[in-house]
Amino acid sequence: MGWQQALEEVLTDSPGVFGVAAAHLETGKSAGNLDDQLFQLASAFKIPIMVTLMREVEAGKLRLDQRVTLKRDERVPGSGVLQELDAGATLTVKDLATLMTIVSDNYATDLVLELIGGIEQVTAHMHELGLKDIHLRHTCWQLLNHCVGMNEPAPSAAGFDEYERREDTGEYEIILDVSQPTLENNVATPADLNRLLIMIAQKEILTPASCDLMLDILRRQQYNSRLPFLLPEGTKVAHKTGTVNAVVNDAGIIYLPNGKGMIAITVLSRGITEKSAAELTIARVARAIYDQAMGDE
């Protein structure tokens, strides 16, 4: 059985629409499904943000050890832990990048975006890298606003409280369906996001030290119920998940044992009706591709 057939078998009767791009970095063998179609990234958009952050660090515009102070009026709800901390706490830029990635901290993400000049800078950087099908439009704050029928341009204490009230009561009408793969959302093709992962893994962008740091952060991911879930115990995976509404994603690098190299794999989705079933599908995709790579001679 080849890579493509193995992937297609997993996706038979899948609980939604899945876009997949997978490639073995050493041999070039690959498989894909709808890999040239746009999908909502959800928090997988934090991979391009981290890449742009490291570009700014290399340019000397930021330092990884410089400190940022948390402010109550700037809190962002949703995933993460910084919103729970007291105002006045300080974290390094590296801390923010780490939390943005390993626990998908939304407040950390928007602080990083502010430091690098906004979400538009990330899209521009991706296009400069030749990744023309990565389009980012919204910060975490803006994205979450749309999910609960709000349109506050910037965080505030009152806005944070109103978001939480709407989340608790369900009293809202969605302004923009963030699950839809339109250019009004944060979207990419699986092919382009996977290409970005390959560029990081093969040290094609930035310095090797910056790429190694990004991979190290991605390997510390705390949400491991998708790509790594069915892989053999101890398999290293550097990855970033994403979830919003009917979208369940994961994208990363799988490190193969016995000198077999690495797999870059991106699984994006839409129309998901059951999160746990989608997570299992992503895990099965990863295992099928892993088994194919391990069986290749």
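Residues numbered from 1 in each chain as written. Predicted model: local features only at pLDDT ≥ 70, side-chain atom pairs only at ≥ 80, totals over all residues. Heavy atoms only, no water.

Chemist: Even after reading the chapter, I still don't get the overall build of the chain, so can you show me in this structure?
Modeler: In terms of helices and strands, the chain carries 10 helices and 10 strands. The C-alpha atoms of the chain give 19 Å as radius of gyration, which agrees with the globular expectation for 297 residues (19 Å, within 12%). The principal-axis extents of the C-alpha atoms in the chain amount to approximately 60 × 45 × 35 Å. Taken over 297 residues, the chain has a buried fraction of 55%. The contacts of the chain with a sequence gap of at least 6 include a subset with a gap of at least 24, amounting to 67%. Within the structure as shown, the chain displays about 12300 Å² of accessible surface, and the carbon and sulfur contribution to it stands at 47%. Of the side chains in the chain, 26 bear a positive and 41 a negative charge, and the two mean positions are spaced by 5 Å. (Helix = DSSP H or I, 4+ residues; strand = E, 2+ residues; numbered from the N terminus. Rg over C-alpha atoms; globule rule 2.2 N^0.38 Å. Buried < 20%, exposed > 50% of the residue type's maximum accessible area, 1.4 Å probe, protein only. Contact = heavy atoms within 4.5 Å. Areas by Shrake-Rupley, 256 points an atom, 1.4 Å probe, with all protein chains shown as cover. Lys, Arg positive; Asp, Glu negative; His and termini not counted. Charge placed at Lys NZ, Arg CZ, Asp CG, Glu CD.)

Chemist: I'm lost on the pattern of salt bridges in this one. Help?
Modeler: A side chain with one charge can pair with a side chain of the opposite charge if their charged atoms come near. Enumeration over the complete set of coordinates arrives at 13 salt bridges. Between R165 and E171 there is a salt bridge, and its shortest N-O distance comes to 2.9 Å. Via salt bridges that share partners, R55, E56, K61 and E128 belong to a single interconnected network. (Salt bridge = Lys/Arg side-chain N within 4 Å of Asp/Glu carboxyl O.)

Chemist: For this particular structure, what's the right way to read the sheet that holds strand β3 (residues 39–40)?
Modeler: Within a beta sheet, neighbouring strands are joined by backbone hydrogen bonds and run either parallel or antiparallel to one another. Taken in spatial order, the three strands of this open sheet run β3-β7-β6, and their pairing is antiparallel. The open sheet has two edge strands, β3 and β6 (134–135), and neither has a second partner. Here β6 pairs with strand β7 (residues 187–188) via two bridges, running antiparallel. Bridged to I134 within β7 is A188. (Pairing = 2+ DSSP bridges.)

Chemist: Explain the nonpolar core to me, please; I cannot follow it from the model alone.
Modeler: Grouped burial of nonpolar side chains is what soluble globular proteins tend to show. In this structure, I49, L196, I200 and I253 are the most contacted members of the largest nonpolar core, which totals 66 residues. Once residues within four sequence positions are removed from consideration, I200 is found in contact with I47, V51, I205, C211, M214 and L215. If you look at the next biggest cluster of nonpolar residues, it comprises 27 residues, including F18, A22, A31 and A278. (Core = buried A, V, L, I, M, F, W, Y, C linked by side-chain atoms within 4.5 Å.)

Chemist: I tried to follow the sheet that holds strand β1 (residues 17–24) on my own but got confused; where do I start?
Modeler: In space, the five strands of this open sheet follow the order β2-β1-β10-β9-β8, with antiparallel pairing throughout. Unpaired on one side and paired on the other, β2 (30–33) and β8 (237–244) mark the two borders of the sheet. Strand-to-strand, the axes of this sheet are offset by a mean angle of 5°, without reference to chain direction. Relative to strand β10 (residues 262–270), β1 runs antiparallel, the two sharing eight bridges. Opposite A21, over in β10, you have T266 as the bridge partner. (Axes fitted to C-alpha atoms, helices over the stretch in contact; angles between N-to-C directions.)

By themselves, these figures tell us nothing about what the structure is for.
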